[in-house]
Amino acid sequence: MNLMMNRRRALQLGVNALGSGALLATLGGFERALAASAPANDYRALVCVFLAGGCDTANLVVPTSGSVYQLYARIRQTLALPSIDLLGLNSLLDLPLLGGVRYGLHPSCAGLQSLYDSGRLAIVANTGPLAEPLTRADYVAGRATLPPQLFSHIDQQHLRMSATADAQPHGWAGRVADLLAAREGQPELAMNVSIGGANLWQSGAETLPYVLSADGAPRMRYWQAGDSEAVRRRQVFTRLLDLADADGNPLVREYSRTQRRGIDTAERVASALDAVPAPSTTFPQSYLGKQLAMAARLIGAREALGVKRQMIFVMAGGWDTHANQLSQQTDLFADLSASLTSFHRATEELAIADSVTSFTATDFGRTLTRNGDGTDHGWGSHALVLGGAVRGGGIYGRMPDMATGSADDAGSGRIIPQIATEQYAATLARWFGVAESDIDTVFPTLGRFASRDLGIFA
């Protein structure tokens with residue numbers, strides 16, 4: 001085993017021992033170098049809101065125009081939302097390919113409707129994993145290259161997070177962090193921060209995410225003040241690390257260094273969060289709401305943490321709606337809308353909204369056809385992009401034809417994506433600061449598709 005493998009394995013062992021995920025990715029001076037060379041306000045954050053289980057976005061963004069709505073209602077049957085309940089959208093942008101059709105949002109999404117109408121929220125139509133541009137004819141004839149294991153939860157999550165249909169063990173946020181660290185030196189605090197647990201999106205070849213919970217940094221609680229044995233516990237643990245530092249095995253020494261860095265970083269993050277008042281904006285007390293509240297606190301503490309670029313991951317489950325879909329969606333979409341609305345308001349309160357973009361992703365869309373009182377695993381889905389820099393109030397891309405057997409129907413009500421995951425992700429990464437000359441390094445299969453940028457940002 002070479003020393004690089006020793007180091008990588010030691011990092012994994014060390015963070016597991018702390019019980020807090022991948023605590024600390026790297027060392028070095030990237031953030032210091034960036035801070036010295038960039039303007040004081042040169043901060044940007046991407047916040048991925050992953051809807052685990054496969055969100056039925058066909059009931060999130062719904063046609064309201066007469067004949068198209070009737071087609072939707074006929075296909076969805078008992079899962080169709082009443083047209084009178086839909087929240088109509090006032091498109092601010094003259095975008096092509098909508099064919100004069102108007103759309104509305106699920107009735108639980110009043111906050112998202114307001115953000116869309118005010119130009120802060122954009123909708124990306126029918127995006128998903130593709131190995132190459134695809135027509136229904138090629139799909140039905142079996143002459144097209146397809147992403148592997150379509151309609152499987154874990155495989156499609158992997159494809160969404162890696163943003164390539166080719167074999168890729170790392171996520172695109174991880175590759176961005178690798179690229180910037182290689183150019184500028186590696187950061188003291190990981191560029192990628194997860195509040196939603198371990199995930200592929202933030203895993204790089206050379207960098208790992210820092211993981212914390214919605215309650216804050218994972219500190220060594222068994223030696224915190226207030227416990228009569230805390231001082232002794234800390235002394236014993238520190239002595240063990242001292243012994244490991246002197247060990248002849250480089251793996252053991254690296255393990256000790258990882259432990260110390262993890263402990264120090266947790267204390268540093270906790271102190272930075274404590275030193276900065278949390279935004280006064282009220283968040284839902286749901287799991288997603290609490291995660292986004294912590295994301296807002298992290299962004300508020302950006303100067304105390306000395307960071308200029310952050311990619312933050314949060315996750316909401318419950319979207320695998322094979323049954324009881326309408327009742328589940330009422331709560332799920334209400335939580336998504338309220339949580340994203342609160343998060344955007346918090347960024348406005350922090351006067352940083354133009355530098356923060358949040359976006360949704362999910363395993364896959366769901367079938368347009370029902371399986372009783374729910375839906376099955378689909379393919380293409382719509383996504384939301386929110387922030388002060390977003391050219392909101394519009395739908396980007398072409399909304400699918402919902403008719404059975406249409407050019408967009410892969411069969412069984414599964415919609416063939418028209419915007420590849422790479423195109424969606426590359427647009428976000430370019431706004432984040434990845435140079436055009438580096439885009440193909442991060443997204444090696446982007447060149448298979450005609451459009452390299454969806455035009456979401458001004």
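Before reading on, note that the structure itself is shown above.
Note that the structure is predicted; figures quoted are calculated from it, not measured.

Caption draft 1: Region of interest: the sheet that holds strand E2 (residues 61-63). Strand order in the open sheet formed by three strands is E2-E4-E3, and the pairing between neighbours is antiparallel. Whereas interior strands pair on both sides, the edge strands pair on one side only; in this sheet they are E2 and strand E3 (87-88). As paired elements, E2 and strand E4 (residues 103-105) share three bridges and run antiparallel to each other. Bridge pairing links Val62 to Gly104 in E4.

Caption draft 2: Representation of unusual backbone geometry within the structure. If you check the backbone angles, Ala163 has positive phi at about 60 degrees while not being a glycine. You can see Ala163 is positioned in the loop between helix H6 (153-162) and helix H7 (172-184).

Caption draft 3: Highlighting the packing of helix H8 (residues 230-245) against helix H9 (residues 250-275). At a minimum axis distance of 8 Å, the contact between H8 and H9 shows a crossing angle of 140 degrees. It follows that H8 is oblique to H9 by the angle criterion. Remark: the crossing between H8 and H9 carries left-handed chirality. Touching Phe237, Thr238, Leu241, Asp242, Ala244 and Asp245 of H8 are Val252, Arg253, Ser256, Gln259, Arg260 and Ile263, all from H9. Of the residues assigned to the contact of H8 with H9, the class counts are five nonpolar, three polar and four charged.

Caption draft 4: Representation of the environment of Ser339. Relative to the helices and strands, Ser339 resides in helix H12 (residues 325-349). Distance from Ser339 to Tyr287, taken between C-alpha atoms, is 9.6 Å for residues 52 residues apart in sequence. Setting aside residues up to four positions removed in sequence, Ser339 forms contacts with Phe283, Pro284, Ser286, Leu288, Gly289 and Leu292.

Caption draft 5: Representation of the environment of Pro129 within the structure. Structurally, Pro129 can be placed in the loop between strand E5 (121-128) and helix H5 (136-141). As a C-alpha pair, Pro129 and Ile419 span 290 residues in sequence and 8.4 Å in three-dimensional space. Not counting the four nearest positions on each side in its chain, Pro129 is found in contact with Pro147, Gln156, Leu159, Arg160, Trp379, Pro417 and Thr421.

Caption draft 6: How the structure looks around the pattern of salt bridges. Using the criterion set out here, one finds 12 salt bridges in the structure. The residue Arg398 makes a salt bridge to Asp408 at a minimum N-O spacing of 2.8 Å. Here Arg398 is found in the loop between strand E11 (394-396) and strand E12 (409-411), whereas its partner Asp408 is found in the loop between E11 and E12, with 10 residues between them in sequence. Salt-bridge contacts for Glu436 lead to Arg430; the nearest nitrogen and oxygen are separated by 2.7 Å. Because the salt bridges share partners, they merge into one network encompassing Arg430, Glu436, Asp440, Arg452 and Asp453.

Caption draft 7: Structural detail: the pairing of E5. Counting buried positions over the eight residues of E5 gives eight, a clear majority of the element. As defined by bridge partners, E5 adjoins strand E10 (residues 381-387) across five bridges and the pair is classed as antiparallel. Opposite Ile123, over in E10, you have Leu384 as the bridge partner. As paired elements, E5 and E11 share three bridges and run parallel to each other. If you follow Ile123 over to E11, its bridge partner there is Ile395. As paired strands, E5 and strand E14 (residues 419-420) are joined by two bridges and run parallel to one another. Bridging across to E14, Thr127 finds its partner in Ile419.

Caption draft 8: Representation of the nonpolar core in the model. Val49, Tyr210, Leu292, Leu336 and Phe343 are the most contacted members of the largest nonpolar core, which has 59 residues in total. At seven residues, helix H10 (residues 287-300) tops the list of elements feeding residues into this core. Contact partners of Leu292, with chain neighbours within four places excluded, come to Val47, Val49, Phe283, Val314, Ser339, Leu340 and Phe343. If you look at the next biggest cluster of nonpolar residues, it comprises 42 residues, including Leu46, Phe50, Ala426 and Val434.

Caption draft 9: Highlighting the side chain of Thr347. Inspection of the secondary structure puts Thr347 in helix H12. Judged by its relative accessible area of 2%, Thr347 is buried. Discounting residues that sit within four places of it in the chain, Thr347 has contacts with Ile352, Ala353 and Val356.

Caption draft 10: Structural detail: H10. Look at H10: 20 Å from first C-alpha to last across 14 residues, which is about the 20 Å you get at 1.5 Å a residue. Most of H10 is tucked away: 10 of the 14 residues are buried. Every buried residue of H10 is listed here: Leu288, Gly289, Gln291, Leu292, Met294, Ala295, Ala296, Leu298, Ile299 and Gly300.

Caption draft 11: Just the environment of Thr145, in detail. Summarising the element assignment, Thr145 is placed in the loop between H5 and H6. Under the relative-accessibility criterion, Thr145 is labelled partly exposed at 49%. Along the sequence, Thr145 and Leu130 sit 15 residues apart, while their C-alpha atoms lie 8.5 Å from each other. Apart from the residues within four sequence positions on either side, Thr145 is in contact with Ala131 and Glu132.

Parameters at a glance
- Residues numbered from 1 in each chain as written.
- Predicted model: local features only at pLDDT ≥ 70, side-chain atom pairs only at ≥ 80, totals over all residues.
- Heavy atoms only, no water.
- Pairing = 2+ DSSP bridges.
- Helix = DSSP H or I, 4+ residues; strand = E, 2+ residues; numbered from the N terminus.
- Axes fitted to C-alpha atoms, helices over the stretch in contact; angles between N-to-C directions.
- Parallel < 35°, antiparallel > 145°, perpendicular 65-115°, else oblique.
- Left-handed = near helix turned anticlockwise from the far one by under 90°.
- Contact = heavy atoms within 4.5 Å.
- Nonpolar A, V, L, I, M, F, W, Y, C, P; charged D, E, K, R; others polar.
- Salt bridge = Lys/Arg side-chain N within 4 Å of Asp/Glu carboxyl O.
- Buried < 20%, exposed > 50% of the residue type's maximum accessible area, 1.4 Å probe, protein only.
- Core = buried A, V, L, I, M, F, W, Y, C linked by side-chain atoms within 4.5 Å.
- Expected span 1.5 Å × (residues − 1).

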